[in-house]
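# A structural walkthrough
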Amino acid sequence: MMNNHFADIILPLAVKGTFTYMIPDELTDKIVPGSRVLVQFGNRKLYSGIVSGLHDNTPSGINIRSINRLLDPFPVVNAFQLKFWSWISDYYMCTIGEVMKAALPSDLCLEGVTSVPVPEKYKPREETFVKLARDFSESELNIILDKLVKAPKQYKLLASYVDLSGYALGMQVKPVRKSLLIKESSSSPASIDGLVRKKILTLYTLETGRLTDTEFPAEPLKVLSGAQNTALYSITEIFRDKDISLLHGVTSSGKTEIYIHLIEEVLKKGRQVLYLLPEISLTAQIIQRLNKHFGAVTGIYHSRFSNPEKVEIWNRVAGADTAKEYQLIIGARSAIFLPFRNLGLVIVDEEQDGSFKQHDPAPRYHARDSAVILAALHKAKTILGSASPSIESYNNALSGKYGLVELKERYGLIKLPEIVLANYREAYRKKLMVSHFTPQLLEAIDNALANNEQVILFQNRRGFSPYIECPECGWIPRCIQCAVSLTYHKGIGRMVCHYCGFSTSIPSQCGNCHSPGLSARGFGTEKIEDEIRIVFPSARVARMDQDTTKGKNSFERLLKALEERQIDILIGTQMISKGLDIENLTVVGILNADNLLNYPDFRAHERSFQMMEQVSGRAGRRQKLGKVIIQTSDPDNKIIRLVLNHDYKNMFRIQVEERKAFNYPPFRRLIKISLRHKNRSLLNGFSDLLGGDLKKVFGKSVLGPEFPLISQVQLWYIKTILIKLEREQPMARARHFIAEAIEKLEKEKGASALRIAVDVDPY
Ligand code: ADP
Ligand code: ZN
Ligand code: ZN
């Protein structure tokens, strides 16, 4: 075979294309596509690059550098990934280097270093467990216990062990944590040491934390109901001639159990499964459920993991680690970038969720849509699951592009919650409001508390008040860097910008007319928490939002407290709307539905419907009937009426008509171009130039340039151009024109201080 002397290398840069380097002789038989290499780029700086291809065509006219060295003994990226990266870079109009940056754990991605740092090693967390020193028979154990009567502490300890391990019940013996044993038997480590010396107990360690205890016996799959079985059968039938199936099942219809059955089948065939969830907040409960069945082959991946952990998971998915290979990955959107070797199934749960889309930085990808492509590369099947599918997916299902499977009833024939509309405007007029709570909501909470049931209250705004205002002249404190008002956070006593994080102390007087006594307007979760504590002083209240879940395990702690009924009322943002499966939760309050509905976006109505359906779905998932109180000033609003009847189909029908009338997806493709500059008039000039060029090609499909709702962030002025491409227009050509127009603009004098971002499918 002829030796290749050159390698095309992807570098983690926002510069177009790949870079050619010479392969040193000693590496010619070691470097392959996917290898990670160290190269010099620019002046003295070192980068890690991924080899995308090898060839023997001497590049002309440039001074070719050599690869410095090969960084790993095996290729870090596989052939599927290289194809996938290049699809993302084409479709989402970003550089392949930007995809590389998003895809690789940052410990594998060196950027502009002067020497190669030694990466921190991943240290698995280990815990000490206790077991019997050998397989004692029951009678042997009784004799031992009898003898221990003279050592009451040790007796108590062994008795507790027998209890905790399930030995007493004749079941399979479970591993028992040393810490748990000490706590349960209220004894000391010294008494355990005593029993270890007597060769009755022995200590051993297991890897724990995010990994499962491999010794736990796998729990058998649940027996599916008739409806679930029919759905499972339909999915298998659909998969004979289609690759994608939409599972539309009402909340708590048992979709997750169906996924579990499908996963089992695929794992048995030795293929990998990717289970995507919209937010890591959701993962805790799902992980527990999946771990019970699939245990040690299950890995979890999301952005909150430390770098060494990410590298370790990466290697275990690739099968490059000595530890057991991961076959099932549960993850948030970035999990699509893991080095899967043979995917058999991709599940996208809550496929309608907006957090699958990455808005910033590039690549501005949608994880659901990208996952469909990833699955196709692997010839794997995809399931999109939802209680209220996105308009796009449902449309694809109706047109026959996807298969459609529906589950119309909750598992166990539990009724969907009763929905009550509470008109807060009327209640204010009649002076029946207590703080922000209508009589209907107060009564529902009262009843729930009286029956020891739990309540969640949903308000899609964090902080205390969205803004404060001078009652005299209407002055509102604003961010000094962004065109938005500052949110009042009472707990930390500051005004905070939710766009850039800027914060300042609370003004004691008006910044305009200097009159004292500014008033807080509107309400966020923090205020609701304060007031609920006043109205229900004996209830145990907690809050779940971005501010209370910053710590690594804070979400899990709140969830556990909720499961163990240590919380009566939980207040939260959309974080609480998804996935939660809490047995004793019967009442859901939506504090202000108008907020959701009035959001200026073409998806606002679809999203409001989905959000209300979803958060309602948390109520009454077991025996007791759930109740949902929606507070609104407009009970006749058509979307609210649809939620009242859980009427997805009509919501879909109305939305599709609107989308058609106003040229939105799925009838058009949207591409949004944002331009940012610190100088407003230069920005105007540049965006008019680009807008003009685009109009020459796309004509009336180009909207703008215009200032968006938030027209300045962190001192950068923003203008946007929206292109509504006709479906018939070839995408590749359109992208080419856009890229050309942008390149031309970038060559203009003074354009170096201009930032341009292209967002394909910006929704
Ligand atoms: P969904 O994913 O549609 O919201 P889940 O799969 O979470 O629904 O199911 C709702 C509840 O019903 C869960 O607590 C689940 O454990 C239970 N459940 C669903 N299917 C079964 C089954 N076949 N056997 C026993 N319990 C089930
Ligand atoms: Zn700001
Ligand atoms: Zn004033």
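Residues numbered from 1 in each chain as written. Chains lettered and ligands numbered in written order. Predicted model: local features only at pLDDT ≥ 70, side-chain atom pairs only at ≥ 80, totals over all residues. Heavy atoms only, no water.

## Things to note about the overall build of the protein
When helices and strands are tallied, the protein shows 22 helices and 31 strands. Compactness check: the protein gives a C-alpha radius of gyration of 29 Å against a globular reference of 27 Å for 763 residues, within 12% of the reference. Expressed along its principal axes, the backbone C-alpha trace of the protein runs to roughly 90 × 85 × 60 Å. Buried positions account for 54% of the 763 residues belonging to the protein. Counted over contacts in the protein with a minimum sequence separation of 6, partners at least 24 positions apart contribute 75%. A total accessible area of about 35,100 Å² is found for the protein, and carbon and sulfur atoms account for 50% of it. Looking at charge distribution, the protein has the averaged site of its 101 positive side-chain charges lying 2 Å from that of its 83 negative ones. (Helix = DSSP H or I, 4+ residues; strand = E, 2+ residues; numbered from the N terminus. Rg over C-alpha atoms; globule rule 2.2 N^0.38 Å. Buried < 20%, exposed > 50% of the residue type's maximum accessible area, 1.4 Å probe, protein only. Contact = heavy atoms within 4.5 Å. Areas by Shrake-Rupley, 256 points an atom, 1.4 Å probe, with all protein chains shown as cover. Lys, Arg positive; Asp, Glu negative; His and termini not counted. Charge placed at Lys NZ, Arg CZ, Asp CG, Glu CD.)

## Some words on the coordination of the zinc ion (ligand 2)
Distances from the zinc ion (ligand 2) to its protein donors, Cys479 (SG), Cys482 (SG), Cys497 (SG) and Cys500 (SG), fall within 2.2 to 2.4 Å. Each of the four donor atoms around the zinc ion (ligand 2) contributes to a set of angles spanning 107 to 116°, which defines the coordination as tetrahedral. For the zinc ion (ligand 2), the donor residues sit on a single chain with the sequence spacing C-x2-C-x14-C-x2-C. Residue cysteine 482 is found in the loop between β18 (467-469) and β19 (487-489), and its partner cysteine 500 is found in the loop between β20 (494-496) and β21 (503-505); the two are separated by 18 residues along the sequence. Owing to a relative accessible area of 3%, cysteine 482 belongs among the buried residues under this scheme. (Donors = N, O, S within 2.8 Å, 3.2 Å for Na, K, Ca; no water. Tetrahedral: all angles 85-135°; square planar, octahedral: opposite > 155°, others 65-115°.)

## Things to note about the sheet that holds β21
The strand order β19-β20-β21 describes an open sheet built from three strands, whose pairing is antiparallel. The open sheet has two edge strands, β19 and β21, and neither has a second partner. Between one strand axis and the next, the sheet turns through 30° on average, direction left out of account. The pairing of β19 with β20 spans three bridges and is antiparallel. Within β20, the position partnered with tyrosine 488 by the bridge is methionine 495. (Pairing = 2+ DSSP bridges. Axes fitted to C-alpha atoms, helices over the stretch in contact; angles between N-to-C directions.)

## Let's talk about the pairing of strand β30 (residues 716-726)
Burial runs high along β30: nine of the 11 residues are buried. As defined by bridge partners, strand β27 (residues 668-677) adjoins β30 across 10 bridges and the pair is classed as antiparallel. Its bridge partner being in β30, leucine 670 is matched across the sheet by lysine 724. In terms of strand pairing, strand β29 (residues 712-713) meets β30 through two bridges, oriented antiparallel. Across the sheet, residue glutamine 712 finds its bridge partner in β30, namely tyrosine 717. Where β29 folds back on β30, the antiparallel hairpin that results is connected by two residues, among which glutamine 714 adopts a positive phi of roughly 50°.

## Let's talk about the sheet that holds strand β11 (residues 298-301)
The strand order across the open sheet built from seven strands is β11-β12-β10-β13-β14-β9-β15, with neighbouring strands paired in parallel fashion. With one partner strand each, in any of the chains shown, β11 and β15 (403-407) form the two edges of the open sheet. Along the sheet, successive strands turn relative to each other by an average axial angle of 15°, direction set aside. Sheet strands touched by helix α7 (residues 226-241): β9 (244-249), β13 (343-349), β14 (381-386) and β15. Its angle to β15, the strand with the most contacts, is close to 175°. Taken strand by strand, helix α12 (residues 391-398) contacts β9, β14 and β15, and its axis lies near 110° from that of β15.

## With respect to the site of ligand 1
As a matter of local geometry, ligand 1 sits amid 17 residues, with Val223, Gln228, Thr256, Arg289 and Asp581 nearest to it. Serine 253 places a main-chain nitrogen or oxygen 3.1 Å from an oxygen atom of ligand 1. Within the side chain of arginine 621, an N or O atom sits 3.2 Å from an oxygen atom of ligand 1. For ligand 1, whose accessible area on its own is 550 Å², the fraction buried by protein is 87%. (Near = heavy atom within 4 Å. Polar contact = N/O pair within 3.5 Å; in protein donor to acceptor, adjacent residues only side chain to side chain.)

## Here's the deal with the packing of helix α18 (residues 604-616) against helix α20 (residues 648-661)
Axis separation between α18 and α20 bottoms out at 10 Å; the angle between their running directions is 165°. Taken as axis vectors, α18 and α20 run roughly antiparallel relative to one another. Handedness of the crossing formed by α18 with α20: left-handed. Residues His605, Glu606 and Phe609 of α18 touch α20, and the partners they reach there are Tyr648, Met651, Gln655 and Arg659. (Parallel < 35°, antiparallel > 145°, perpendicular 65-115°, else oblique. Left-handed = near helix turned anticlockwise from the far one by under 90°.)

## Digging into helix α16 (residues 554-563)
Taken together, the buried positions of α16 are occupied by Ser554, Phe555, Leu558, Leu559, Ala561 and Leu562. Down the axis of α16, the sector holding all buried residues measures 160°, keeping them to one side. Once α16 finishes, arginine 565 follows within two positions and takes phi at roughly 60°, a positive value. (Arc of directions from axis to C-beta.)

## Remarks on unusual backbone geometry
Cis geometry is found at the peptide bond from aspartate 360 to proline 361, where omega equals -10°. For proline 361, the location among the structural elements is in the loop between β13 and α11 (367-377). The backbone phi angle of methionine 93 is positive, close to 55°, even though this residue is not glycine. Note on placement: methionine 93 falls in the loop between α1 (79-91) and α2 (96-103).

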